[in-house]
Amino acid sequence: MSMTREEIVSVLGPTDETLVADILSTGASFEELREAWVWLNEDEALMGEGRPLPGTRVAELIDLLDADEDD
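Enquirer: Provide a residue-level description of helix α1 (residues 5-12), including the pertinent values.
Expert: Among the residues making up α1, those that are buried are Ile-8, Val-11 and Leu-12. Buried residues of α1, viewed axially, fall in a sector of 85 degrees; they line one side. Looking at α1, the residues exposed on the side facing more than 90 degrees away from the buried face are Glu-6 and Ser-10. Among the residues trailing α1, Gly-13 stands out with phi positive, at a value near 80 degrees.

Next comes the structure, spelled out in structure tokens:
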């Protein structure tokens, strides 16, 4: 199921429309966005738990979110 703008904002907080459009264009689910957010912000904790590295779509979201944080 596709995400909505409201779901994206519920994870990221207020964000620009370009990033919202980029996230929506990935076809990722809400759960994948939440997973990407956790990996981006708590990757050491997740690796310490022995969780597998994120899948392709989650990795794409991480790249989008990480690029936005660098700006």
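Enquirer: Could you give an account of the side chain of Thr-26, with specific residues and numbers?
Expert: Within the element layout of this structure, Thr-26 appears in the loop between α2 (17-25) and α3 (30-48). According to the relative accessible area criterion, Thr-26 is buried, its value standing at 14%. Within polar-contact distance, the side chain of Thr-26 engages the backbone oxygen of Ile-23 at 2.6 Å. Setting aside anything within four residues of it in sequence, one finds Thr-26 in contact with Arg-57, Glu-60, Leu-61 and Leu-64.

Enquirer: Explain the nonpolar core residue by residue, including any values.
Expert: The nonpolar side chains of soluble globular proteins are, as a tendency, buried together. Formed by 17 residues in total, the largest nonpolar core has its most connected members in Met-3, Ile-8, Leu-12, Ile-23, Leu-33 and Leu-65. Take this core: its biggest share by element is five residues, from α3. What Leu-12 contacts, discounting residues up to four positions off in sequence, is Leu-19, Ile-23, Trp-37 and Leu-65.

Enquirer: Go over the pattern of salt bridges with me, naming the residues and quoting the values.
Expert: What the rule picks out here adds up to two salt bridges. Its salt-bridge partner being Glu-17, residue Arg-5 comes within 2.7 Å of it at the nearest N-O pair. Placement of Arg-5 in helix α1 and of Glu-17 in helix α2 is noted, with a sequence separation of twelve residues between them. A residue is classified by how much of its surface remains accessible, and Glu-17, at 46% relative accessible area, is partly exposed. Between Arg-57 and Glu-32 there is a salt bridge, with the nearest N and O atoms lying 3.6 Å from each other.

Enquirer: Tell me what's going on with the packing of α1 against α2, and back it up with residues and numbers.
Expert: Where α1 meets α2, the axes come as close as 10 Å, and the angle between the chain directions of the two elements is 110 degrees. In terms of axis orientation, α1 runs roughly perpendicular to α2. Handedness of the α1/α2 crossing: right-handed. When α1 is examined against α2, the residues Arg-5, Ile-8 and Leu-12 are found in contact with a partner set consisting of Glu-17, Leu-19, Val-20, Ile-23 and Leu-24. For the contact of α1 with α2, a count of residues per class yields six nonpolar, no polar and two charged.

Criteria and cut-off values
Residues numbered from 1 in each chain as written. Predicted model: local features only at pLDDT ≥ 70, side-chain atom pairs only at ≥ 80, totals over all residues. Heavy atoms only, no water. Buried < 20%, exposed > 50% of the residue type's maximum accessible area, 1.4 Å probe, protein only. Helix = DSSP H or I, 4+ residues; strand = E, 2+ residues; numbered from the N terminus. Arc of directions from axis to C-beta. Polar contact = N/O pair within 3.5 Å; in protein donor to acceptor, adjacent residues only side chain to side chain. Contact = heavy atoms within 4.5 Å. Core = buried A, V, L, I, M, F, W, Y, C linked by side-chain atoms within 4.5 Å. Salt bridge = Lys/Arg side-chain N within 4 Å of Asp/Glu carboxyl O. Axes fitted to C-alpha atoms, helices over the stretch in contact; angles between N-to-C directions. Parallel < 35°, antiparallel > 145°, perpendicular 65-115°, else oblique. Left-handed = near helix turned anticlockwise from the far one by under 90°. Nonpolar A, V, L, I, M, F, W, Y, C, P; charged D, E, K, R; others polar.

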